[in-house]
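Reading the structure
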Amino acid sequence: MVERTRFNDSDCPVARSVDTIGDWWSLLIVRDAFDGSRRFGEFQRSLGVAKNILAARLRSLVAAGVLDAVPASDGSAYHEYVLTPKGKGLFPVIVALRQWGEQNLFTPEESHSEMIDRRQGRPLRALEVYSADGQRLDADDTTVNKVS
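Quick summary incoming for the structure in this document. All residue numbers here refer to positions counted from 1 along the written sequence of the relevant chain. Given that this is a predicted model, residues contribute local features only at a pLDDT of at least 70 and side-chain atom pairs are listed and counted only at 80 or more, while totals for whole chains, interfaces and linings are drawn from all residues. Only heavy atoms go into the side-chain values, all of them from the structure, while hydrogens and water stay out.

**Here we look at the nonpolar core**
Worth spelling out the cut-off: Put simply, a nonpolar core is a bunch of buried Ala, Val, Leu, Ile, Met, Phe, Trp, Tyr and Cys residues held in one set by side-chain atoms that sit within 4.5 Å of each other. The buried label goes to any residue with under 20% of its type's maximum accessible area, the exposed label to any with over 50%, and the partly exposed label to all in between, with areas taken from a 1.4 Å probe on protein chains only. We count a stretch as a helix when DSSP gives it H or I for four or more residues in a row; a strand needs E for two or more, and each element gets its number in order from the N terminus. Contacts are assigned to residue pairs that have any heavy atoms within 4.5 Å of one another.
Ranked by size, the top nonpolar core spans 18 residues in total, and within it Ile 29, Val 30, Phe 43, Leu 58, Leu 61 and Leu 67 carry the most contacts. Where this core is concerned, the elements lending two or more residues are α2 (24-34), α3 (40-47), α4 (51-63) and β2 (79-83). Sort the elements by how many residues they give to this core and α2 lands first, with 5 residues. Once residues lying within four places of it in the same chain are set aside, the contact partners of Leu 67 are Ile 29, Ala 33, Leu 58, Leu 61, Val 62, Tyr 81, Val 82, Leu 83 and Thr 84.

And the structure:
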């Protein structure tokens, strides 16, 4: 078996992020946690992933501080998985992936899920990136500098 390349010591924030949540199962678990899944069985039913893979990804997300394993809210012997503040910080990432997928991976007539603002009952506005002074930016307007 090929050993996985680790990026947890990289000086690149993208590489470290991918090292923590970059595989598809982890991102889909985080998505489901935002959608209200809390129990192992809920994640397993939603994703259809093998139990051993799900257990490994949940352990990894807990170890990374993205999820917490807490006693079940119904007082049973089970536990539930809840997003930590670090995990909740992934919300813009999930929204960005969702919006990119809606824009690029579906034909106009193809049905798909849609994220709705609960207060207004309407789809979210597209995410945009802004400079410190409020100007909209795209990739050509940015550069990466190493910080020491």
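The structure having been displayed, the exposition proceeds.
**Observations regarding the packing of α3 against α4**
Filter applied, for reference: Geometry is summarised by axes, namely lines fitted to C-alpha atoms with helices restricted to the contacting stretch, and by angles between N-to-C directions that run from 0 to 180 degrees. Note on angle classes: values under 35 degrees are labelled roughly parallel, values over 145 roughly antiparallel, values of 65 to 115 roughly perpendicular, and the remainder oblique. Put simply, a crossing is left-handed when the front helix is turned counterclockwise from the back one by less than a right angle, and right-handed when it is turned clockwise. In this classification, Asp, Glu, Lys and Arg are treated as charged, Ala, Val, Leu, Ile, Met, Phe, Trp, Tyr, Cys and Pro as nonpolar, and every other residue, Gly included, as polar.
α4 packs onto α3 with a crossing angle of 120° between their chain directions and a minimal axis gap of 11 Å. Between α3 and α4, the crossing angle belongs to the class labelled oblique. Seen along the crossing, α3 lies across α4 with a hand that is right-handed. Mapping the contact onto sequence places Phe 40, Phe 43 and Gln 44 in α3 and Lys 51, Leu 54, Ala 55 and Leu 58 in α4. For the contact of α3 with α4, the per-class residue count stands at 5 nonpolar, 1 polar and 1 charged.

**Things to note about the packing of aromatic side chains**
Any pair of aromatic rings gets described here by the distance separating the centres and the angle formed by the planes. Where we set the bar: Here a pair means two rings of Phe, Tyr or Trp (six-membered ring of Trp) with centres within 6.5 Å. Their orientation is stacked below 30 degrees between planes, edge-to-face above 60, and tilted elsewhere.
Applying the stated criterion across every chain, the model contains 3 aromatic pairs. Note on Trp 24 and Trp 25: the rings are 6.5 Å apart at their centroids and 55° apart in plane angle, and the pair reads as tilted. For the ring pair Phe 43 and Tyr 81, a centre distance of 6.4 Å and an interplane angle of 70° mean the geometry is edge-to-face. Linking Phe 43 in helix α3 with Tyr 81 in strand β2, this pair joins segments that are 38 residues apart in sequence. With respect to class, Phe 43 is no different from Tyr 81; both count as buried.

The analysis is restricted to geometry; functional conclusions fall outside its scope.
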